[in-house]
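Here is what each chain is made of, one letter per residue.
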Amino acid sequence: MLDIHFAPLQGYTECAYRQAHFLYAGIKNDGTNLESGIAAYYTPFLRVEKGEARPKDLRDLQQDLEFIKSRQTNICHCENQGYNPPLDSNCHSPLDGESSNFYNVIPQVICRDASEFSILVDAIQKLKKDCGFAPDEVFPQIDINMGCPFPMQAKSGRGSGILPRIDAIREILQEVNIRSISLNHPRVGEDLASHNPHCHPREGEDLASHNTHCHPREGEDLASHNTHCHPRVSEDLASHNPHCHPREGEDLASHNTHCHPREGEDLALKHSQNALKFSVKMRLGYTSPEECLALLPLLNEAPLAHITMHPRLGVQQYKGALDFDTFQKFYEGCRHPLIFNGDITSIADIERLEKMYPNLAGVMIGRGLLANPQLAHQYAFQKSVSKICQNAHPHSNSLQALLQIHEALLADYRKRLQGDAQILDKIRPFWTYAVEAAQDPSRDHPDIPKRTIKKIAKARNLSEYLDAIKEIA
Ligand SMILES: Cc1cc2nc3c(=O)[nH]c(=O)nc-3n(C[C@H](O)[C@H](O)[C@H](O)COP(=O)(O)O)c2cc1C
């Protein structure tokens, strides 16, 4: 079964939406386990404004930190009235006291260079600290946006606009190296048990013939020993950063000192302070699909938790067919867990991808989940139904989930915004994708009558709008 990741959508999936989705449509119950049906919620990208992380983006993240804190400390707190997990004798719900990973949020950053990247990562780390969390306690992963097609971002070299700028990406990935905790994924097809995390095959080296136990021998001159990944003699293996190595042909002596502990430097401490994982969300390229293939060696070398690929070009925005041929090439060459993103709106779509790409690590869904918040839930149910038929919960009601999320969002907007016009501007788009789906009979979607759709669109004030919503409630 594939992991389902909730895509970030600026203007839609801010924290009020993420939390409401988690509470009303995120939790899956296969009869034996209670866990989140969403592997991760990604925030819309945080960006730099006037040399600093934009305060509005940080406030959004801060609300998630407060939410996580409230769930950890308030053990009987459960806002999901439509969902009643069994309570134990002390009135503890299985959801209460769960680690923050249960509601797994991955902040996303967009940057044009390593310096913007550092500003944003530092701001996220500082926010966590200011809210009383240890650096690795919450948000242990940060996603890097290399896919945004919006011209304002792309034309300034951010998002998909960074994809042709290999040097900028290299510098960002060097920063990733420095800030990463040790992450070592075996390659596709590599046996996990025999995978030696301190020894990577060389670029182009055949995995089968690669000697996974290849370390400099006693007394061997390290400088002349060809190594992508070896601790220096006398370097402590535990604190060795296996993702920092001189490049092919690079002189070890003059090699960037970030890659190896300096004389007297406590690398373990440095890394524990910056314990983070990173992932990349990208497109095939900005103007050409060759761009992602050219980037593969660089991406493969970086210590990434995963890559999410939306197989279109930046210049296409969201139009035109997905390019499965180039995706296939990228899939074959990519050494990181790979997540597919793009145009997934039904269980059938997910199952098709599962068959086409057996090594896929997951799928990321955006508009399909906004249209049908229960899609991940329904997929999990379908997968589990054959195994635990009797205990599985009944097919969930998509429309009910949609309405519950809507109610939670409206309550949030009413608190934060002023006047009908502002609230309507913000809440009306919530229906965009659900309405689109309702008009397409081929999609798994909640049923919304055309008459109601028209009333929602034409409502002149909040009262008319709420009358329209009542018709489907
Ligand atoms: C309105 C809108 C806002 C988006 N904002 C972001 C964003 O902040 N970060 C990002 O990585 N992708 C963003 N995306 C792209 C989505 O995450 C996703 O890649 C895209 O919608 C394709 O997936 P889907 O077909 O499942 O929706 C946005 C897309 C839309 C339509």
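Per chain, the residues get numbers from 1 upward, laid out in the order the sequence is written. In view of the model being predicted, local features appear only for residues whose pLDDT reaches at least 70, and side-chain atom pairs are presented and counted only at 80 or more, with totals across whole chains, interfaces and linings using the full set of residues.

Trainee: Explain the overall build of the protein chain residue by residue, including any values.
Mentor: Going along the chain from the N terminus, every DSSP run of H or I of four or more residues is numbered as a helix, and every run of E of two or more is numbered as a strand. Each helix and strand counted, the protein chain has 16 helices and 13 strands in total. Burial is judged by counting the other C-beta atoms within 10 Å of a residue's own C-beta: 20 or more makes it buried, 12 or fewer makes it exposed, and any count in between marks it as partly exposed, with every C-beta position built from the backbone. When burial is assessed residue by residue, the protein chain has 38% of its 473 residues classed as buried. Summarising the internal contacts of the protein chain: among those between residues at least 6 apart in sequence, 68% fall at separations of at least 24. Any residue pair is listed as a contact if its two C-beta atoms, each placed from the backbone, are within 7 Å.

Trainee: Go over unusual backbone geometry with me, naming the residues and quoting the values.
Mentor: One non-glycine residue with positive phi stands out, namely Gln 317, at about 50°. Tracing the backbone shows Gln 317 in the loop between strand S11 (304–313) and helix H8 (324–333). What makes Gln 317 partly exposed here is the crowd of 14 C-beta atoms within 10 Å.

Trainee: Lay out the pairing of strand S10 (residues 277–285) in plain terms, naming residues and giving numbers.
Mentor: Where burial is concerned, most of S10 is hidden: eight out of the nine residues are buried. When the strands point away from the viewer and the connection leading from the first strand across the helix to the second strand turns clockwise, the crossover is called right-handed. As a crossover connection, the stretch from S10 through helix H7 (residues 290–301) into S11 is right-handed.

Trainee: So, the site of the ligand: which residues are in play, and what are the values?
Mentor: Close contacts around the ligand come from 21 residues, with Ala 7, Gln 10, Pro 44, Gly 366 and Arg 367 the closest. Counted by class, the shell around the ligand contains eight nonpolar, ten polar and three charged residues. Using a C-beta atom placed from the backbone for every residue, we mark a residue as near a molecule or strand if that atom lies within 6 Å of it. All residues other than Ala, Val, Leu, Ile, Met, Phe, Trp, Tyr, Cys, Pro, Asp, Glu, Lys and Arg, Gly among them, are scored as polar; the first ten of these are nonpolar and the last four charged.

Trainee: Just give me the short version of the nonpolar core, but keep the residues and values in it.
Mentor: The term nonpolar core refers to a set of buried Ala, Val, Leu, Ile, Met, Phe, Trp, Tyr and Cys residues connected through C-beta atoms within 7 Å. Within the largest apolar cluster, 97 residues are counted, with the highest numbers of intra-cluster contacts made by Val 109, Leu 120, Val 363 and Ile 365. No other element matches the eight residues that helix H1 (residues 15–26) contributes to this core. Segmentation of the chain into domains, including their bounds, is taken from an automatic or database domain assignment. Composition of this core by domain shows at least three residues from each of domain 1 (3–184 + 272–385) and domain 2 (398–472). Once you skip the residues sitting within four places of it in the chain, Val 109 turns out to touch Phe 45, Leu 46, Phe 117, Leu 120, Val 121, Ile 142, Ile 144 and Asn 145.

Trainee: How would you summarise the sheet that holds S11 if you had to cite specific residues and measurements?
Mentor: Only when DSSP finds a minimum of two bridges between them are two strands counted as paired. The nine strands lie next to each other as S7-S4-S1-S13-S12-S11-S10-S9-S8, forming an open sheet whose pairing is parallel. Since the sheet does not close on itself, it has two edges, and those belong to strand S7 (105–106) and strand S8 (108–109), each with one partner. Two elements, strand S9 (residues 141–146) and S10, share six bridges in a ladder whose sense is parallel. Residue pairing for S10: Ile 142 is matched across the bridge by Phe 278.

Trainee: Describe the pairing of S9, and please don't skip the residues or the numbers.
Mentor: Regular strands have side chains that alternate between both faces of the sheet. Counting buried positions over the six residues of S9 gives five, a clear majority of the element. Assessed by its sense of winding, the connection that carries the chain from S8 through helix H3 (residues 114–130) to S9 is right-handed.

Trainee: Run through the environment of Val 176, naming residues and quoting values.
Mentor: Looking at where Val 176 falls in the secondary structure, it is placed in helix H5 (residues 166–179). On a C-alpha basis, the gap between Val 176 and Ala 114 in space is 9.2 Å, while along the polypeptide they are 62 residues apart. Setting aside anything within four residues of it in sequence, one finds Val 176 in contact with Phe 278, Ala 302 and Pro 303.

Trainee: A description of the packing of H5 against H7 should follow, citing residues and the corresponding values.
Mentor: Lines fitted to the C-alpha atoms define the axes, with helices restricted to the stretch that makes contact. Angles between their N-to-C directions range from 0 to 180 degrees. Here H5 crosses H7 at 20°, and the two axes come no closer than 11 Å. Regarding the angle of H5 to H7, the classification is roughly parallel. For the element pair H5 and H7, the recorded crossing hand is right-handed. Along its contact with H5, which presents Ile 166, Ile 169, Arg 170 and Leu 173, the element H7 presents Ala 294, Leu 295 and Leu 298. Residues that form the contact of H5 with H7 fall into these classes: six nonpolar, no polar and one charged. Roughly parallel means an angle under 35 degrees; roughly antiparallel, over 145; roughly perpendicular, 65 to 115; everything else is oblique. Crossing handedness is read from the near helix: turned anticlockwise from the far helix by less than a right angle, it gives a left-handed crossing, and turned clockwise, a right-handed one.

Trainee: Give a detailed account of the confidence of the model for the protein chain, specifying residues and quantitative values.
Mentor: Across the protein chain, pLDDT averages 78, with 69% of residues at or above 70. Note on residues 182–273: pLDDT is under 50 here. Beyond four places in sequence and across chains, it has 78 contacts. Per-residue confidence from the predictor is reported as pLDDT, which spans 0 to 100. Contacts from residues 388–395, a stretch scored under 50 in pLDDT, to residues over four places away or in other chains number 13 contacts.

Trainee: Tell me about H7, and please be specific about residues and values.
Mentor: For H7, the full list of buried residues reads Glu 291, Cys 292, Leu 295 and Leu 299. All buried residues of H7 project into a common sector of 75° when viewed along the axis, lining one side. Residues of H7 that are buried make contact with H5, S10, S11 and H8. Here the arc refers to the directions that run from the helix axis out to each C-beta atom.

Trainee: Talk me through the environment of Asp 325; I want residue IDs and the actual numbers.
Mentor: Looking at the secondary structure, you find Asp 325 in helix H8. Asp 325 sits 36 residues away from Pro 289 along the chain, and the two C-alpha atoms are 9.9 Å apart.

Trainee: Pulling in residues and values, what's your account of the packing of helix H12 (residues 398–416) against helix H13 (residues 419–427)?
Mentor: It is the contact of H12 with H13, at a shortest axis distance of 10 Å, that shows an interaxial angle of 145°. For H12 against H13, the interelement crossing comes out right-handed. Only Ile 423, Lys 426 and Ile 427 of H13 make contact with H12, whose side of the interface consists of Leu 409, Leu 410, Tyr 413 and Arg 414. For the contact of H12 with H13, the residue count by class is five nonpolar, no polar and two charged.

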